[in-house]
Amino acid sequence: MQRITILGSTGSIGTSTLDVVARHPDKFQVVALTANSQADLLLRQCRQFKPRYAVLLDEDAAAQLRQRVREAGLSTEVLCGITALEQVATLPEADAVMAAIVGAAGLRPTLAAAHAGKKILLANKETLVMAGNVFMDAVRASGAVLLPVDSEHNAIFQALPRGYDGDLAGNGVRRILLTASGGPFRDTPLSELLNVTPEQACAHPNWVMGRKISVDSASMMNKGLEVIEAHWLFNAAADDIQVVVHPQSVIHSLVEYVDGSVLAQLGNPDMRTPIAYGLAYPERIDSGVAALDLFKVATLNFTAPDFERFPCLALAYQALRLAGTAPAILNAANEVAVAAFLDRQIAFPSIPRVIEAVLNSSQIGAVNSLDDVLDADAGARRAAQRQISKFSR
Ligand code: NAD
Ligand code: MG
């Protein structure tokens, strides 16, 4: 029996994780569930999965949930705040932690799970983008097991040799091919991008996801963050990672070897596949995902990314090459810009312009500790807010 904490259980990844868990009551037991402020859904999840702990970041929402949990006769203990998130990420009675909080908010609890040596199912890519070396050092020092849940990185993990040691060349790998759907604006005339709405940006052609990552997919910042994520997970340099636009989202990524072999992982675009892989690793379990119908897919297309259409992708490569605090600055500026776009304060094409201005005006420092990351994050958020007022419409 594997005991699991799910950070961000009310989100897209969180609910998909619980869907897989519910299919295997003999294998998994939920120890803790957490959310930002969604008390209703968290209560329903508590009724179904009977966790020992439930955490809400928001204090009022937590008080409300505590009352309702009591009324429902459940023994779940309701906690609140960021320290409670760290606490449930490090519980001695939890074997595994699904890290599925969105954005920089996921950093502290995910890092805490790494320090505690947990098996970590990593969906929160922002942790690696912001604090890659700090996080990977913590994983190595504690002996934590790190399993990528992001579909592309899960595919690469599956296509690399079992027990891959971080040496691409030593394992005969020429490069990593990171696939991208191109999002909802792959073919939108550039002149129309100025007027696209948050609703259009969040309507992804292949995946149903939270709003932040949906906007990131539309700008291709998601792929940029994933390039940085791949750098840390697989010890790959920027030049070792080629983005390939593949609109069908059937091939989730590929590994190219020196002998000419290219290994890919395919499947329907449904996050329950990489989630089930992470949950059961190294075994395989039913995820509820339908078998891939190759005859229905029929055609697979590939094109090179258009950096002019998607400046965010170029900015992410730039941040990776700048190294140090640059990726944390990129991430923070992106989170502020995406929130402003979702709030209809700035136009879609202003997202990369805000990020570029922040990246170019910030001092890039070394990352030796979590504080270096948090300082860079805070400074970049302030700088991004100033840019937002310039670009506001
Ligand atoms: P989501 O917005 O659907 O859910 C986010 C979860 O985090 C919710 O449970 C929410 O309550 C919680 N949360 C939000 N802000 C918080 C805060 N400040 N403190 C504590 N909890 C907070 O997001 P999602 O689409 O499930 O994505 C989660 C993570 O997984 C992201 O990092 C995303 O990049 C990554 N990811 C998602 C997908 C996908 O298909 N959705 C795919 C790959 C990677
Ligand atoms: Mg992905």
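Definitions and limits used
- Residues numbered from 1 in each chain as written.
- Chains lettered and ligands numbered in written order.
- Predicted model: local features only at pLDDT ≥ 70, side-chain atom pairs only at ≥ 80, totals over all residues.
- Heavy atoms only, no water.
- 1 Å grid on protein atoms, 1.4 Å probe; cavity = no way out; pocket = protein on both sides within 12 Å on 5 of 7 lines; lining within 4 Å.
- Points joined across faces, edges and corners; volume = space filled by probe spheres on them.
- Near = heavy atom within 4 Å.
- Polar contact = N/O pair within 3.5 Å; in protein donor to acceptor, adjacent residues only side chain to side chain.
- Areas by Shrake-Rupley, 256 points an atom, 1.4 Å probe, with all protein chains shown as cover.
- Helix = DSSP H or I, 4+ residues; strand = E, 2+ residues; numbered from the N terminus.
- Nonpolar A, V, L, I, M, F, W, Y, C, P; charged D, E, K, R; others polar.
- Domains from an automatic or database assignment.
- Donors = N, O, S within 2.8 Å, 3.2 Å for Na, K, Ca; no water.
- Buried < 20%, exposed > 50% of the residue type's maximum accessible area, 1.4 Å probe, protein only.
- Expected span 1.5 Å × (residues − 1).
- Contact = heavy atoms within 4.5 Å.
- Arc of directions from axis to C-beta.
- Buried area = accessible area lost by both parts, 1.4 Å probe.
- Salt bridge = Lys/Arg side-chain N within 4 Å of Asp/Glu carboxyl O.
- Pairing = 2+ DSSP bridges.
- Core = buried A, V, L, I, M, F, W, Y, C linked by side-chain atoms within 4.5 Å.
- Patch = residues over 30% accessible without salt bridge, like charges linked within 9 Å, V, L, I, M, F, W, Y side chains within 5 Å.
- Phe/Tyr/Trp six-rings, centres within 6.5 Å; stacked < 30°, edge-to-face > 60°.

Notes on empty space enclosed by the protein
Counted according to the given criterion, the structure contains 1 cavity of 30 Å³ or more. Each pocket or cavity is described by its volume, and for the largest cavity that value is around 40 Å³. Looking at the largest cavity, the residues that line it are Ser-151, Trp-207, His-252, Gln-265, Gly-267, Asn-268, Asp-270, Thr-273 and Pro-274.

Re the site of ligand 1
Close to ligand 1 lie 24 residues; Thr-10, Ser-12, Asn-36, Glu-126 and Gly-210 are nearest. Ala-123 is positioned such that a nitrogen or oxygen atom in its backbone is 3.4 Å from an oxygen atom of ligand 1. Burial of ligand 1 by the protein chains amounts to 89% of its free accessible area of 820 Å². Counting only elements with at least two residues in the shell around ligand 1, the list comes to helix H1 (12-22) and helix H6 (125-142). Across the shell around ligand 1, the residue classes break down as 12 nonpolar, 9 polar and 3 charged. Taken domain by domain, the shell around ligand 1 gets at least three of its residues from each of domain 1 (2-148) and domain 2 (160-267).

Some words on the coordination of the magnesium ion (ligand 2)
Protein ligation of the magnesium ion (ligand 2) involves Asp-150 (OD), Glu-152 (OE) and Glu-226 (OE), the donor distances falling in the range 2.1 to 2.2 Å. Sequence spacing of the donors to the magnesium ion (ligand 2): D-x1-E-x73-E. You can see Asp-150 sitting in the loop between strand E7 (145-148) and helix H7 (151-159) and its partner Glu-226 sitting in helix H10 (residues 221-234), a full 76 residues away along the chain. According to the relative accessible area criterion, Glu-226 is buried, its value standing at 1%.

Regarding helix H13 (residues 311-322)
A rise of 1.5 Å per residue sets the reference length of H13, with its 12 residues, at 16 Å; its end C-alpha atoms lie 16 Å apart and thus fit the reference within 8%. Buried within H13 are the following residues: Cys-312, Leu-313, Leu-315, Ala-316, Tyr-317, Ala-319 and Leu-320. Summarising the contacts, the buried residues of H13 are in contact with helix H9 (211-219), H10, strand E9 (241-245), helix H14 (326-342) and helix H15 (350-361). Downstream of H13 by a residue or two, Ala-323 has a phi angle that is positive, lying close to 60°.

A closer look at helix H4 (residues 82-89)
Among all positions in H4, only Ala-84, Leu-85, Val-88 and Ala-89 are buried. For H4, the arc enclosing every buried residue in end-on projection is 140°, short of the 170-degree limit, so these residues lie on one face.

Some remarks on the domain arrangement of the protein
Partitioning the protein into structural domains gives domain 1 (2-148), domain 2 (160-267) and domain 3 (323-388). Each of domain 2 and domain 3 has a C-alpha centre, and these two points are 21 Å apart. Interface area for domain 2 against domain 3, summed over the two sides, is near 1300 Å², with a carbon-plus-sulfur share of 77%. Counting every contact that joins domain 2 to domain 3 gives 1 salt bridge. Linking Arg-344 and Glu-199 is a salt bridge whose minimum nitrogen-to-oxygen distance equals 2.6 Å. Across the contact surface, domain 2 and domain 3 share 2 residue pairs in polar contact (both at pLDDT 80 or more). Secondary structure elements with two or more residues in the side of domain 2 that touches domain 3: helix H8 (198-202), H9 and H10. When residues in the side of domain 2 that touches domain 3 are grouped by element, the largest group, 6 residues, is from H9. Of the residues contributing to the side of domain 2 that touches domain 3, the split by class is 12 nonpolar, 2 polar and 4 charged.

A few points about the pairing of strand E8 (residues 173-180)
Counting buried residues in E8 gives 6 out of 8 residues, a clear majority hidden from the surface. Where E8 lies against strand E10 (residues 251-257), 4 bridges are found, and the strand directions are antiparallel. In the sheet register, Arg-175 faces E10, and the bridge partner there is Glu-256. The pairing of E8 with E9 spans 5 bridges and is classified as parallel.

Observations regarding the nonpolar core
Counting 98 residues, the largest nonpolar core has Phe-135, Leu-160, Leu-330, Phe-348 and Ile-351 as its most contacted members. When residues in this core are grouped by element, the largest group, 12 residues, is from H14. With residues near it in sequence (within four places) discarded, Ile-351 still touches Val-215, Cys-312, Asn-334, Ala-337, Phe-341 and Ile-346. In this structure, Ile-6, Ala-39, Ala-280 and Ile-285 belong to the second largest nonpolar core, which totals 36 residues.

Things to note about a nonpolar patch on the surface
A surface patch of nonpolar side chains, amounting to about 340 Å² of accessible area, comprises Leu-266, Leu-294, Leu-300 and Phe-302. Topologically, Leu-294 is positioned in helix H12 (residues 294-297).

Remarks on the packing of aromatic side chains
Counting across every chain of the model gives 6 aromatic pairs. Taking 5.1 Å as the distance between ring centres and 80° as the angle between the ring planes, the aromatic pair formed by Phe-185 and Phe-348 counts as edge-to-face. Of this pair, Phe-185 sits in the loop between E8 and H8 while Phe-348 sits in the loop between H14 and H15, and the two are 163 residues apart along the sequence. Residue class for Phe-348 comes out buried when judged on its relative accessible area of 6%.

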